[in-house]
Structures are given as C-alpha cells and as structure tokens.
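# Survey of secondary and tertiary structure
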Amino acid sequence: MKLSILALSATLGLALAGGLAAVPAAAATADTAPLQGYTASSYTGSATEQANNKAFYQAVMKSALAKQAANPWVKAVVVTYDPSNAPSFAGQIASSAQIWNSSERNIQLRAGSNADFDYYEGNDSRGSYASTDGHGRGYVFLDYSQAQQYSPVRIVAHETGHVLGLPDHYSGPCSELMSGGGPGPSCTNPYPNATEKRRVDSLWANGLAAQAAAR
C-alpha cells in the first residue's frame, strides 16, 4: 500500500493525539514510501515495494558500513537501532535482535545512540511496516492492534528482516519469517529459515567486500 502525504499526516496525528512519539520529521516528504504492511490483505508484490525494500536496506547498509570503516578490525557489520520510541515492544525488539544475531555471521544488531534505524509504535490501519524516505533514513513502525492478533515477536523480527534486506513473501509457509501474516494468526514462528539466513549473510558479506575494495 502506498503512503501519501495525507496518510502520513494522519498517522502523525494519531501518534501525537495518543501521546506517542511521532515518526521522524524527515519521513514526512513526498519521497516517503513504506513497505507492505505485515498482513497480506492488500499485498500486490509490486516492483515499487521491492524497490522501497532495497532502498531501506541500502540506506542502513551505507550508514553501518561507514561506522565499520572506522573500526576495520570488526569482522561483522554492526547495525545500531534505537528502541526508545517503542517502549511497549522493548522485550520483543530485544528478542528479535537476539534471534537475528544468533542467525548471522556478517551482521549484528545493537541498541544504541546515533542509530541506523529506529522503532516506533502506535495505531495504524495499515498495520506494522518498515519505511524509508529514500535519503538514508528509515524506521520500523509497530502497530498495537496487529500485535494483539499476531505474534508480536514474529512481527518485529519480520519487519527487522526488511532492514536487513529481505522482501515480503506472504504466500510462503509459517517456517518462512518473511511470509509475515500470510499463514494466519496461529503462526508464531519468529525465526528466519535457512534460506533467509543465507540471503542476509550473503547481502552483508557483499557489503563488506565492497567496502574493503573501496579503501
């Protein structure tokens, strides 16, 4: 589902009215384009969605690699996230990071300042999603209502998968993390399968190789 300026303004209004932290001001631009929400109700698998997913991953990759260049002895790229604007999901975010960190060799997630991406929470009719403004900023939005219907850890791990470069694949089985809400609310699996793990490791290994070649 595409995000118009009007829709984004409505999202900001809901967040502010509820006393929640609003999404980054940088996101309120004509270039803002969120990835598909967690559920498959309006999934189209469009080229635009895939392009947005790639843009988000590349923005995070660029920022993370810049930090890694300052610490060349670090073999894995460290991607920093800020969970402070999604306090209701603090435990699920930490669990998601642990799941991904135990699954990958070339990329590690760490909570901290000067973050590469942020988590936000609130109510949104589109559900949870990952978004990029196309200019090096991205965030993950976690929806309250959706987390009451679906496994919140799976939702967070799924949306974090977008940050790491994975696209949605709602027609996949429950064992596939990026199938999201496709298998239905009974699916609670928060772990990427072997193919998804290899894909992420490959993406970030290529990033490291490119960074090394540029030095």
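Report on the accompanying structure. (Residues numbered from 1 in each chain as written. Predicted model: local features only at pLDDT ≥ 70, side-chain atom pairs only at ≥ 80, totals over all residues. Heavy atoms only, no water.)

For the rest of this paragraph, the subject is the packing of helix H3 (residues 90-103) against helix H5 (residues 152-163). One way to put it is that H3 packs onto H5 with a least axis distance of 9 Å and a crossing angle of 55°. As judged from the angle between their axes, H3 and H5 are oblique. When the axes of H3 and H5 are compared, the crossing they make is right-handed. Where H3 abuts H5, its residues Gln92, Ile93, Ser95, Ser96, Ile99 and Trp100 lie against Pro152, Val153, Val156, Ala157, Thr160 and Gly161. Class assignment for the residues of the contact of H3 with H5 results in 7 nonpolar, 5 polar and no charged. (Axes fitted to C-alpha atoms, helices over the stretch in contact; angles between N-to-C directions. Helix = DSSP H or I, 4+ residues; strand = E, 2+ residues; numbered from the N terminus. Parallel < 35°, antiparallel > 145°, perpendicular 65-115°, else oblique. Left-handed = near helix turned anticlockwise from the far one by under 90°. Contact = heavy atoms within 4.5 Å. Nonpolar A, V, L, I, M, F, W, Y, C, P; charged D, E, K, R; others polar.)

It is worth spelling out the state of the cysteines at this point. In total, this model carries 1 disulfide according to the counting rule given. Paired by a disulfide, Cys174 and Cys187 hold their sulfur atoms 2.1 Å apart. Every disulfide takes its handedness from the sign of the S-S torsion; for Cys174 and Cys187 that torsion is 90°, giving right-handed. Taken together, the residues span a long stretch of sequence, with Cys174 in the loop between H5 and helix H6 (194-214) and Cys187 in the loop between H5 and H6 at a distance of 13 residues. (Disulfide = S-S within 2.5 Å.)

This part is about the side chain of Glu176. Its location among the elements puts Glu176 in the loop between H5 and H6. For the buried Glu176, no salt bridge is present, and the opposite-charge side chain at shortest range is Arg154, 7.9 Å distant. A polar side-chain atom of Glu176 sits 2.9 Å from a polar atom in the side chain of His169. Discounting residues that sit within four places of it in the chain, Glu176 has contacts with Arg154, His169, Asn189, Asn193 and Glu196. (Buried < 20%, exposed > 50% of the residue type's maximum accessible area, 1.4 Å probe, protein only. Lys, Arg positive; Asp, Glu negative; His and termini not counted. Salt bridge = Lys/Arg side-chain N within 4 Å of Asp/Glu carboxyl O. Polar contact = N/O pair within 3.5 Å; in protein donor to acceptor, adjacent residues only side chain to side chain.)

Geometric descriptors of this kind do not, in isolation, establish any biological role.
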